[in-house]
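# Tertiary structure, described
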Amino acid sequence: MSNILVTGGAGYIGSHTCLQMIAAGFTPIIFDNFSNSKPTVVKRIAAISGQTPQVYQGDIRNRHHLDEVFAQHHIDGVIHFAGLKAVGESMAKPVEYYENNVSGTLTLLQAMQAANVKRIIFSSSATVYGEPESMPIHEDFPTLSATNPYGQSKLMIERILQDLAKAQPDWSITLLRYFNPVGAHPSGTMGEDPQGVPNNLAPYIAQVAVGRREKLSIFGNDYPTVDGSGVRDYIHVMDLADGHVAALTYRLKQAGVHIYNLGTGQGYSVLQVLHAFEQACGHSLAYQICPRRAGDIAECWADSTKAAKELHWQATRSLSQMADDTWRWQSNNPNGYPES
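Note that the structure is predicted; figures quoted are calculated from it, not measured.

### Concerning the overall build of the chain
Scanning the chain for helices and strands turns up eleven helices and 14 strands. A compact globule built from 340 residues should have a C-alpha radius of gyration of about 20 Å, and the chain, at 19 Å, falls within 12% of that. Pairs at least 24 apart in sequence give 80% of the contacts found in the chain among residues at least 6 apart. Here the chain contributes 25 positive and 31 negative side-chain charges, whose respective centroids are spaced 4 Å apart.

### With respect to the pattern of salt bridges
By the definition in use, this model includes 14 salt bridges. Note that Glu339 is salt-bridged to Lys38, the shortest N-O span being 3.6 Å. Here the residue Glu339 occupies a position in the segment after α11 (319-332), and Lys38 occupies one in the loop between β2 (27-32) and α2 (41-49), the gap between them amounting to 301 residues. Between Arg328 and Asp325 there is a salt bridge, with the nearest N and O atoms lying 2.6 Å from each other. Here Asp325 and Arg328 lie together in helix α11, a separation of three residues that amounts to about one turn.

### Side note on empty space enclosed by the protein
If you walk through the whole model with that rule in mind, you get three cavities of 30 Å³ or more. Roughly 40 Å³ of internal volume is contained in the largest cavity. In this structure, the largest cavity is lined by Tyr12, Gly183, Glu192, Ala202, Pro203, Ala206, Thr326, Trp329 and Gln330. Elements supplying a minimum of two residues to the lining of the largest cavity: α7 (201-209) and α11. Classifying every residue of the lining of the largest cavity by side-chain character gives five nonpolar, three polar and one charged.

### With respect to the sheet that holds strand β6 (residues 172-178)
Ordered in space as β3-β2-β1-β4-β5-β6-β11, the seven strands form an open sheet in which the pairing is parallel. Two strands close off the open sheet at either side, each with one partner strand: β3 (54-57) and β11 (256-262). Averaged over all pairs of adjacent strands, the angle between their axes in this sheet comes to 20°, without regard to strand direction. Pairing analysis gives four bridges linking strand β1 (residues 3-7) to strand β4 (residues 77-80), with the strands arranged parallel. Bridging from a neighbouring strand, Ile4 pairs with Gly77 of β4. Against the sheet, helix α6 (residues 149-167) engages β5 (119-125), β6 and β11, with an angle of about 155° to β5.

### What to know about the UniProt feature "domain: NAD(P)-binding" (unreviewed entry) in the chain
UniProt records the feature "domain: NAD(P)-binding" (unreviewed entry) at residues 5-325, using the numbering of this structure. Spanning residues 5-325, this segment combines 40% helix with 18% strand, and its end C-alpha atoms are found 28 Å apart.

### Considering helix α8 (residues 237-251)
Taking 1.5 Å per residue as the helical rise, α8 with its 15 residues ought to reach 21 Å, and the 21 Å between its terminal C-alpha atoms agrees with that figure. Where α8 is concerned, the buried positions are Val237, Met238, Asp239, Leu240, Ala241, Gly243, His244, Val245, Ala246, Ala247, Leu248 and Arg251.

### Digging into the pairing of β4
Alternating positions in β4 separate into two faces, Gly77 and Ile79 on one and Val78 and His80 on the other, with burial throughout. Sheet topology note: the β4/β5 ladder contains three bridges and is parallel. In the strand pairing of β5, Val78 is matched with Ile120.

### A word on the nonpolar core
Among the nonpolar cores identified, the biggest contains 38 residues, and Ile4, Met21, Leu248 and Leu262 are the most heavily contacted of them. Among the secondary structure elements, those contributing two or more residues to this core are β1, α1 (12-23), α2, β6, α8 and β11. Of all the elements, α8 adds the most residues to this core, at seven residues. With residues up to four places along the chain from it excluded, the contact list for Met21 reads Ile4, Val6, Phe26, Pro28, Ile79, Val245 and Leu248. Grouped together as the second largest cluster of nonpolar side chains are 27 residues, Ile29, Phe31, Leu66 and Leu164 included.

### Side note on the side chain of Arg251
Note that Arg251 resides in helix α8. Residue classification places Arg251 among the buried positions, given a relative accessible area of 11%. One polar contact links Arg251 to Tyr260, side chain to side chain, over a distance of 2.7 Å. Within polar-contact distance, the side chain of Arg251 engages the side chain of Glu310 at 3.1 Å. If near-sequence neighbours (up to four positions away) are discounted, Arg251 is found in contact with Ser172, Thr174, Ala246, His258, Tyr260, Glu310 and Leu311.

What counts and how
- Residues numbered from 1 in each chain as written.
- Predicted model: local features only at pLDDT ≥ 70, side-chain atom pairs only at ≥ 80, totals over all residues.
- Heavy atoms only, no water.
- Helix = DSSP H or I, 4+ residues; strand = E, 2+ residues; numbered from the N terminus.
- Rg over C-alpha atoms; globule rule 2.2 N^0.38 Å.
- Contact = heavy atoms within 4.5 Å.
- Lys, Arg positive; Asp, Glu negative; His and termini not counted.
- Charge placed at Lys NZ, Arg CZ, Asp CG, Glu CD.
- Salt bridge = Lys/Arg side-chain N within 4 Å of Asp/Glu carboxyl O.
- 1 Å grid on protein atoms, 1.4 Å probe; cavity = no way out; pocket = protein on both sides within 12 Å on 5 of 7 lines; lining within 4 Å.
- Points joined across faces, edges and corners; volume = space filled by probe spheres on them.
- Nonpolar A, V, L, I, M, F, W, Y, C, P; charged D, E, K, R; others polar.
- Pairing = 2+ DSSP bridges.
- Axes fitted to C-alpha atoms, helices over the stretch in contact; angles between N-to-C directions.
- UniProt positions renumbered as here; feature names shortened; annotations may be inferred.
- Expected span 1.5 Å × (residues − 1).
- Buried < 20%, exposed > 50% of the residue type's maximum accessible area, 1.4 Å probe, protein only.
- Core = buried A, V, L, I, M, F, W, Y, C linked by side-chain atoms within 4.5 Å.
- Polar contact = N/O pair within 3.5 Å; in protein donor to acceptor, adjacent residues only side chain to side chain.

Here it is as structure tokens:
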């Protein structure tokens, strides 16, 4: 069984990926500072999988903490999730985003080099494409114009990793460009639990549905889309987790840089997602139209043909499943994971 260090492994995508990794026979070792997650998620992983992952509380910017973990385990590879991830927040706090995401990744890579671990799967984002000229988005589209510091930080890390592969061709580097993860584990015991006000659409709608928030703010209703609200490719977190397992299975030991979109290939508007949640929870949800946000684009969805061909992976879960599973999680856990 391969030991995989999972930075940010207690977070939303990381925790679901750890679950699917265990099911596939991998051994995740979680490294997380719990800035946007809670340690109790590990108990939920254990309850579902029957295996309790090893967990280290630490920050990827702390080289000493990383070195200790690499010294204590034979690590076969790294999945790197850890990072700040809110588009709007990054516009207000660019320095914090570059310092945490870019500097933290450099520290991680230095620790990997010292430990002679040369296999990494990086949690990237469709934001690296900026405002593409056409849809759907292919992996060979230019990545020169990310529209916000969050996207720029992801793009900088991709460039660093690509330069590293040129300098040291024996590295195996996989860049997974996510579209918009939503949903929860079908058991209703694991899901998205953002600390503070949610920055992403689905958890905010879910908190409105459960009564934690008064109404949803929809930023812009004058985009050139089906109903004026922004259109995105929403992907179920379990499909996304399966995509990481596929990358581990088919690319971890292959040198070079491998780039894949992980999306459904289907775009849904904010209002369509809202209506799917209304169906899931059984009642209408309050919303208000607000001005567009800086850094947002009108529409964005993936061409994931390459992942289907090379990783034998494709998204299978529908928008209604995403809404149903999110609602099951939120209604069973109205305040998210317990503190302890």
